[in-house]
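# Structural overview for review
Spelled out from the first residue to the last, the chains are:
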Amino acid sequence: MISVLLADDQALVRAGFRALLDAEADITVVAEAGDGLAAVRAAAATRPDVVLMDIRMPGVDGLEATRRITTDPALADTRIVILTTFELDEYLFEALRVGASGFLVKDTEPVDLIRGVRAVAAGDALLSPGVTRRVIAEFASRDRRPAPALPPPDQLTDREREVVALVGAGLSNDEIAARLVVSPATAKTHVSRAMIKLAARDRAQLVVYAYEAGLVRPSWTD
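Only a predicted model underlies this, so the values are computations on that prediction, with no experimental measurement involved.

## Focus on the environment of Ala-165
Along the chain, the position of Ala-165 falls in helix H7 (residues 158-168). You can call Ala-165 buried: its relative accessible area is 15%. The spatial distance from the C-alpha of Ala-165 to the C-alpha of Val-216 is 5.2 Å, given a sequence separation of 51 residues. Leave out the neighbours within four places in its chain, and Ala-165 touches Ala-210, Leu-215 and Val-216.

In structure tokens form, the structure reads like this:
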């Protein structure tokens with residue numbers, strides 16, 4: 001059973017998501033929160049598998065709530081999916097940077113919401129490659145704060161650096177396998193090993209790392 005915490009300041013949105021998710025035999029909504037602080041407290045109390053987190057909430061917003069949850073060792077197995085109204089939300093890149101596993105627009109189709117919750121609970125990142133590239137290209141270039149300390153890429157093998165760069169470019173494991181002329185299982189193994197070496201929670205953080213470590217050339221530098 002996949003446990004889900006809903007964090008959104010609109011009760012109607014929470015009710016709609018709850019109705020969709022609770023209708024699934026393998027998903028249950030264990031708590032709701034109307035702001036970021038309540039979300040952090042509810043996550044600590046229920047330890048959900050997945051948090052659907054609205055990024056724009058009063059008081060402690062979804063970004064700070066995401067940061068607090070992803071840095072809590074007791075919640076290391078909790079995955080956060082950011083809910084946003086716009087694909088190019090100015091906070092999305094920072095949310096990925098601090099540990100969110102992906103994002104969904106609020107008007108996503110119900111079947112995609114359910115599929116996304118299952119995917120994230122299984123350890124995958126919920127990223128639309130095209131949207132992710134646009135988010136990073138649009139907003140990372142505006143970010144003038146010092147980048148956080150990153151593990152050096154030289155701890156990766158040449159092939160692992162190449163794979164991380166392809167992840168950052170938005171390629172799936174199957175696409176990486178085709179590009180490198182290896183099996184999908186081999187591509188997945190390289191991705192997994194890179195995640196372990198870089199202490200990345202999931203594929204979403206590999207995307208951010210690829211840009212911040214300079215393994216992929218951002219479009220705004222062309």
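Alright, that's what it looks like, and here's the rest.
## Describing the sheet that holds strand E3 (residues 50-54)
Strand order in the open sheet formed by 5 strands is E2-E1-E3-E4-E5, with parallel pairing between adjacent strands. Since the sheet does not close on itself, it has two edges, and those belong to strand E2 (27-33) and strand E5 (102-105), each with one partner. Ignoring strand direction, the axes of neighbouring strands in this sheet form an average angle of 25°. Note that strand E1 (residues 2-7) and E3 share 4 bridges and pair parallel. Among the inter-strand pairings, Leu-6 is bridged to a residue of E3, identified as Leu-52. Relative to the sheet, helix H2 (residues 36-46) contacts E1, E2 and E3, its axis offset from that of E2 by approximately 140°.

## Remarks on the pairing of strand E4 (residues 79-84)
E4 sits mainly inside the fold: 6 of its 6 residues count as buried. Every second residue of E4 is oriented toward a common face, with Arg-79, Val-81 and Leu-83 on one face and Ile-80, Ile-82 and Thr-84 on the other, all of them buried. Here 5 bridges tie E3 to E4, and the two strands are oriented parallel to one another. Pairing of Met-53 across the sheet is with Ile-82, part of E4. The parallel pair E3 and E4, bridged by helix H3 (residues 62-70), forms a crossover whose chirality is right-handed.

## So, the side chain of Asp-8
Of note, Asp-8 is situated in the loop between E1 and helix H1 (11-22). Among the polar contacts listed, one links the side chain of Asp-8 to the side chain of Lys-106, at a separation of 2.9 Å. Residue contacts for Asp-8: discarding those within four places in its chain leaves Val-13, Arg-14, Ala-33, Gly-34, Asp-54, Met-57, Leu-83 and Lys-106.

## Quick word on the pairing of E2
Judged from the 6 bridges that link them, E1 and E2 form a sheet pairing that is parallel. When the sheet's bridge partners are listed, Ala-7 is paired in E2 with Ala-33. A crossover links E1 with its parallel partner E2, the connecting element being H1, and its sense is right-handed.

## Looking at the environment of Val-208
Topologically, Val-208 is positioned in helix H10 (residues 203-212). Spatially, the C-alpha atom of Val-208 lies 6.1 Å from that of Arg-97, the residues being 111 residues apart in sequence.

## Examining the nonpolar core
Formed by 29 residues in total, the largest nonpolar core has its most connected members in Met-53, Ile-69 and Ile-82. Here Ile-82 is in contact with Met-53, Ile-55, Thr-66, Leu-92, Ala-95, Ala-100, Gly-102, Phe-103 and Leu-104, once residues within four sequence places are set aside. Core analysis: the next-biggest nonpolar cluster, separate from the first, contains 21 residues, Leu-166, Val-167, Ala-187 and Ala-194 among them.

## Overview of unusual backbone geometry
At Arg-47, a position not held by glycine, the phi torsion is positive, near 45°. Within the element layout of this structure, Arg-47 appears in the loop between H2 and E3. Residue classification places Arg-47 among the exposed positions, given a relative accessible area of 53%. With phi around 55°, Ala-199 is a residue other than glycine that occupies positive phi space.

## Observations regarding the UniProt feature "modified residue: 4-aspartylphosphate" (unreviewed entry) in the chain
Here the UniProt-annotated "modified residue: 4-aspartylphosphate" (unreviewed entry) positions come out as Asp-54. Tracing the backbone shows Asp-54 in strand E3. Judged by relative accessible area, Asp-54 falls into the buried class, the value being 4%. If we skip the residues at most four places from it in the chain, Asp-54 touches Ala-7, Asp-8, Asp-9, Gly-62, Leu-83 and Lys-106.

Rules used in this analysis
Residues numbered from 1 in each chain as written. Predicted model: local features only at pLDDT ≥ 70, side-chain atom pairs only at ≥ 80, totals over all residues. Heavy atoms only, no water. Helix = DSSP H or I, 4+ residues; strand = E, 2+ residues; numbered from the N terminus. Buried < 20%, exposed > 50% of the residue type's maximum accessible area, 1.4 Å probe, protein only. Contact = heavy atoms within 4.5 Å. Pairing = 2+ DSSP bridges. Axes fitted to C-alpha atoms, helices over the stretch in contact; angles between N-to-C directions. Right-handed = clockwise from strand over helix to strand, strands pointing away. Polar contact = N/O pair within 3.5 Å; in protein donor to acceptor, adjacent residues only side chain to side chain. Core = buried A, V, L, I, M, F, W, Y, C linked by side-chain atoms within 4.5 Å. UniProt positions renumbered as here; feature names shortened; annotations may be inferred.

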